[in-house]
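Tertiary structure, described
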Amino acid sequence: MRPSADKINSLIKASELYYLHHLNQNQISDVMHVHRTEISRMLKEAKKLGIVKISVDTTFGSAKNMSKFFERAFDLKTALVVPDDQAGSYKEGLDTLGLYADSFLHSLIKSNTTIGLSWGQSLAAVVDKFQQDVFPKNITVIPLIGGPRGSLPAPYHANSIVHRLASKITDAIPYSLDTPALIKSKELKDELLDNPNVEKVISMWPDLDVAIFGIGSRESSGNKSWQQFYKETSFASGLGKMAAGDILSQPFTAEGKILKLPEINIIGMSLDQLRKIDRRIGIAAGKQKAGGILGALRSGLVTDLITTYSTALEIKSISQM
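Of the regular secondary structure elements, the chain holds 13 helices and twelve strands. Considering only contacts within the chain whose residues lie at least 6 apart along the sequence, 73% involve residues at least 24 apart. As displayed, the chain has an accessible area near 15400 Å², and 51% of this comes from carbon and sulfur atoms.

Time to look at the side chain of Arg280. Here Arg280 is to be found in strand β11 (residues 279–283). The buried charged residue Arg280 lacks any salt bridge, with Asp278 as its nearest oppositely charged partner at 6.5 Å. A distance of 3.0 Å separates a polar atom in the side chain of Arg280 from the backbone oxygen of Gly300. The residues touching Arg280, leaving out its near neighbours within four places in the chain, are Ala211, Phe213, Leu274, Arg275, Gly300, Leu301, Val302, Thr303 and Asp304.

With that settled, consider the pattern of salt bridges. Under the definition given, this model contains nine salt bridges. Close ionic contact of Glu45 with Lys7 constitutes a salt bridge, the shortest N to O distance being 3.4 Å. Here Glu45, found in helix α3 (residues 36–49), pairs with Lys7, found in helix α1 (residues 5–20); they are 38 residues apart in sequence, far enough to count as distant. Given the relative accessible area of 18%, Glu45 is considered buried. The salt bridge involving Asp190 is made with Lys186; its shortest N-O contact spans 3.0 Å.

Attention now moves to the packing of helix α12 (residues 290–299) against helix α13 (residues 309–319). Orientation of α12 relative to α13, taken along the N-to-C sense of each, is 70°, at an axis distance of 9 Å. Comparing their axes, α13 and α12 come out roughly perpendicular. Between α12 and α13 lies a crossing whose hand is right-handed. Across from Ala290, Gly291, Ile293, Leu294, Leu297 and Arg298 in α12, the residues of α13 making contact are Thr311, Glu314, Ile315, Ile318 and Ser319. Taken together, the residues of the contact of α12 with α13 sort by class into six nonpolar, three polar and two charged.

Within the open sheet, the seven strands sit side by side as β1-β12-β11-β6-β2-β3-β4. Their pairing is parallel. This sheet does not close on itself; its edge strands, each paired only once, are β1 (78–82) and β4 (173–174). Direction of pairing for strand β2 (residues 114–117) relative to strand β6 (residues 210–214): parallel, over a ladder of three bridges. Among the inter-strand pairings, Ile115 is bridged to a residue of β6, identified as Val210. Each of β2, β6 and β11 touches helix α6 (residues 121–129); the most contacted strand, β11, lies at about 105° to it.

Membership of the largest hydrophobic core comes to 79 residues, with the highest contact counts inside it found for Phe70, Ile215, Ile247 and Leu274. With six residues, helix α5 (residues 90–108) is the single largest residue contributor to this core. Discounting residues that sit within four places of it in the chain, Leu274 has contacts with Ala211, Phe213, Ile247, Leu248, Met269, Arg280 and Leu301. Within the second largest apolar cluster, ten residues are counted, among which are Leu17, Ile39, Met42 and Leu43.

Moving on, we come to the packing of aromatic side chains. A full pass over the atoms with the stated rule returns three aromatic pairs. When the ring of Phe70 is compared with that of Phe74, the centres are 5.6 Å apart and the planes differ by 45°; the resulting orientation is tilted. Judged by its relative accessible area of 16%, Phe74 is buried. Positioned above the aromatic ring of Phe69 is the side chain of Lys316, whose terminal nitrogen or guanidinium carbon lies 4.5 Å from the ring centre.

About the thresholds
- Residues numbered from 1 in each chain as written.
- Predicted model: local features only at pLDDT ≥ 70, side-chain atom pairs only at ≥ 80, totals over all residues.
- Heavy atoms only, no water.
- Helix = DSSP H or I, 4+ residues; strand = E, 2+ residues; numbered from the N terminus.
- Contact = heavy atoms within 4.5 Å.
- Areas by Shrake-Rupley, 256 points an atom, 1.4 Å probe, with all protein chains shown as cover.
- Buried < 20%, exposed > 50% of the residue type's maximum accessible area, 1.4 Å probe, protein only.
- Lys, Arg positive; Asp, Glu negative; His and termini not counted.
- Salt bridge = Lys/Arg side-chain N within 4 Å of Asp/Glu carboxyl O.
- Polar contact = N/O pair within 3.5 Å; in protein donor to acceptor, adjacent residues only side chain to side chain.
- Axes fitted to C-alpha atoms, helices over the stretch in contact; angles between N-to-C directions.
- Parallel < 35°, antiparallel > 145°, perpendicular 65-115°, else oblique.
- Left-handed = near helix turned anticlockwise from the far one by under 90°.
- Nonpolar A, V, L, I, M, F, W, Y, C, P; charged D, E, K, R; others polar.
- Pairing = 2+ DSSP bridges.
- Core = buried A, V, L, I, M, F, W, Y, C linked by side-chain atoms within 4.5 Å.
- Phe/Tyr/Trp six-rings, centres within 6.5 Å; stacked < 30°, edge-to-face > 60°.
- Lys NZ or Arg CZ within 6 Å of the ring centre and 35° of its normal.

See the structure below:
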């Protein structure tokens, strides 16, 4: 069973005092008003849970400073900038992202919360690292967008991510959106929207408390997952010279201006609907995503950002050009 949020915070505080501020266990006992023998046990538990890792993380302080910079510069509620090995692989970066995002997401998922999820590799990595929780009650998890036309790997589908997250929260109720995201014609879109199951999910979008979504970038078009999601569609033309990236398959410029593409029929939450949700958490990593993430931040669509330090460094660099 996962420790409570208060317990985790205590383990983090004890670990910071011991490993970062170099207090001994007697001093920590005085600061935290906990018996000295309990401090030793807490430090061992922090290692076991992965709060303390036996490694030298040279970007720890830098990541904290970068988080503060992003919160000020883009008026974010939270910027979770995750320390990463800048020479590491993309997958290693996503795994680290998921580990750090776990505690933050648990702090947002309270009882009676409705959560919406999009699709993609970054979001899948975060959900896969999410630790099972038995505390919240009456949680609803729904997709924000339909599925791919191409053969996108199943773990990256919105429906798949929805069901994996719901399986880790006691009594959570998942819903599926069994329709493609991008439709060939308005007539076919209207027909699909008449389906009672599709209509049910869409009717729940205005009641969302938390939306968690990936952020696409123009440079992502070379990514295999991106290609499979948009296979046999005209969406690629929407990410031409004007667009920097997309959220829920709806593009925007580097300055954050939303681009209207009337010829593309989407079954997914509109960005106007998204903007009305209280917590809108964008998750993305990789230097190739930097331009898209910057456009998303400038658009005001993102209230909270989860990314890696190396990605944040790239975003900051291009934002100051």
